Amino acid sequence: MEENKSIISEEKKARKRIYPEKLTADALEGVAELEKLCFSQPWSKTSLELLTKDGIGVGMVCRKDGIVCAYGGMLCAVDEGQITNIATHPDYRKQGYGRAVVEALIKYAKNNGLDSISLEVRESNAAAISLYRNLGFKIEGKRKDCYTKPVEAALVMILQVK
């Protein structure tokens, strides 16, 4: 029993050491590869560059041993943010990287005067929905047939930041 507590304690310590950084041009190649790995219709490297442009959007990235293990993007307009994608490399899932990225985007929103953040998530993505709910997002609507490959509805979730 003590051994299990020790393992859990070490896992929690490891999670606390996750520090997402702002997406810059040097990480775009790794993020583009992660997009291809995680999504049936990935963003191009050119599209991802929007997340590095001040006044348009922001990206957050987690790296471990030089590998992009998670990233998230958010487009910003006036007082609203729209999370475009959150992706975690399959080898790094359930280790806190996705949560750290979303938390970093929320912190960015708060620090930059955004009132709300919205996102769309596949209706079948129970893990992501649970994460977003735990961070305060609420389901506000549903978009029928929003996704393709496979065709699926999207849940629209919103977090009031202020």
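Whatever comes next refers back to the structure up there.
Reading guide: rules and limits
- Residues numbered from 1 in each chain as written.
- Predicted model: local features only at pLDDT ≥ 70, side-chain atom pairs only at ≥ 80, totals over all residues.
- Heavy atoms only, no water.
- Helix = DSSP H or I, 4+ residues; strand = E, 2+ residues; numbered from the N terminus.
- Rg over C-alpha atoms; globule rule 2.2 N^0.38 Å.
- Buried < 20%, exposed > 50% of the residue type's maximum accessible area, 1.4 Å probe, protein only.
- Contact = heavy atoms within 4.5 Å.
- Areas by Shrake-Rupley, 256 points an atom, 1.4 Å probe, with all protein chains shown as cover.
- Lys, Arg positive; Asp, Glu negative; His and termini not counted.
- Charge placed at Lys NZ, Arg CZ, Asp CG, Glu CD.
- Phe/Tyr/Trp six-rings, centres within 6.5 Å; stacked < 30°, edge-to-face > 60°.
- Core = buried A, V, L, I, M, F, W, Y, C linked by side-chain atoms within 4.5 Å.
- Disulfide = S-S within 2.5 Å.
- Pairing = 2+ DSSP bridges.
- Axes fitted to C-alpha atoms, helices over the stretch in contact; angles between N-to-C directions.

**Q** For the overall build of the protein, give the residues involved together with the corresponding values.
**A** Scanning the protein from N- to C-terminus turns up five helices and seven strands. The N-to-C order of helical and strand elements in the protein reads α-β-α-α-β-β-β-α-β-α-β-β. Taken over C-alpha atoms, the radius of gyration comes to 16 Å for the protein, in line with the 15 Å a tight globule of 162 residues would show. Projected onto its principal axes, the C-alpha coordinates of the protein cover approximately 50 × 35 × 35 Å. Every one of the 162 residues in the protein was classed for burial, and the buried ones make up 39%. Partitioning the contacts of the protein with sequence separation of at least 6, the portion at a separation of at least 24 is 59%. Accessible surface computed for the protein: about 9,600 Å², of which carbon and sulfur atoms make up 49%. Here the protein holds 25 positive side-chain charges and 22 negative ones, and the gap between their average locations is 3 Å.

**Q** Describe the side chain of Thr 84, and please don't skip the residues or the numbers.
**A** Tracing the backbone shows Thr 84 in strand β4 (residues 80-88). For Thr 84, the contacting residues outside a window of four places in its chain are Trp 43, Leu 51, Gly 73, Met 74 and Leu 75.

**Q** Let's hear about the packing of aromatic side chains: which residues, and what values?
**A** The way to describe two aromatic rings as a pair is by their centre distance and the angle between their planes. Going through the model one piece at a time under the given rule, you end up with two aromatic pairs. Taking 5.8 Å as the distance between ring centres and 85 degrees as the angle between the ring planes, the aromatic pair formed by Tyr 92 and Tyr 97 counts as edge-to-face.

**Q** Pulling in residues and values, what's your account of the nonpolar core?
**A** Counting 34 residues, the largest nonpolar core has Met 74, Ile 117, Tyr 132 and Phe 137 as its most contacted members. Secondary-structure elements contributing two or more residues to this core are β2 (57-64), β3 (67-77), β4, α4 (97-111), β5 (116-122), α5 (126-134) and β7 (152-160). At nine residues, the largest contribution of residues to this core is made by α4. Membership of the second largest hydrophobic core comes to twelve residues, among which are Leu 23, Leu 28, Leu 51 and Ala 87.

**Q** Now, about the state of the cysteines: what can you tell me, with residues and values included?
**A** When the sulfur atoms of two cysteines share a covalent bond, that bond is a disulfide. Using the criterion set out here, one finds zero disulfides in the structure. No disulfide involves Cys 62; its nearest neighbouring cysteine sulfur is the one of Cys 69, lying 5.5 Å away. Cys 38 provides the cysteine sulfur closest to Cys 146, a residue in no disulfide bond, and the two sulfurs are 18 Å apart. We classify Cys 146 as partly exposed; its relative accessible area is 32%.

**Q** Can you tell me about the sheet that holds strand β6 (residues 138-147), naming the residues and giving the values?
**A** Read from one edge of the open sheet, seven strands run β1-β2-β3-β4-β5-β7-β6, paired in mixed fashion. At either margin of the open sheet sits one strand with a lone partner, and together these are β1 (21-22) and β6. Sheet contacts for helix α2 (residues 28-38): β2, β3 and β4; angle to β3, the most-contacted strand, approximately 95 degrees. Relative to the sheet, α4 contacts β2, β3, β4, β5 and β7, its axis offset from that of β3 by approximately 30 degrees.

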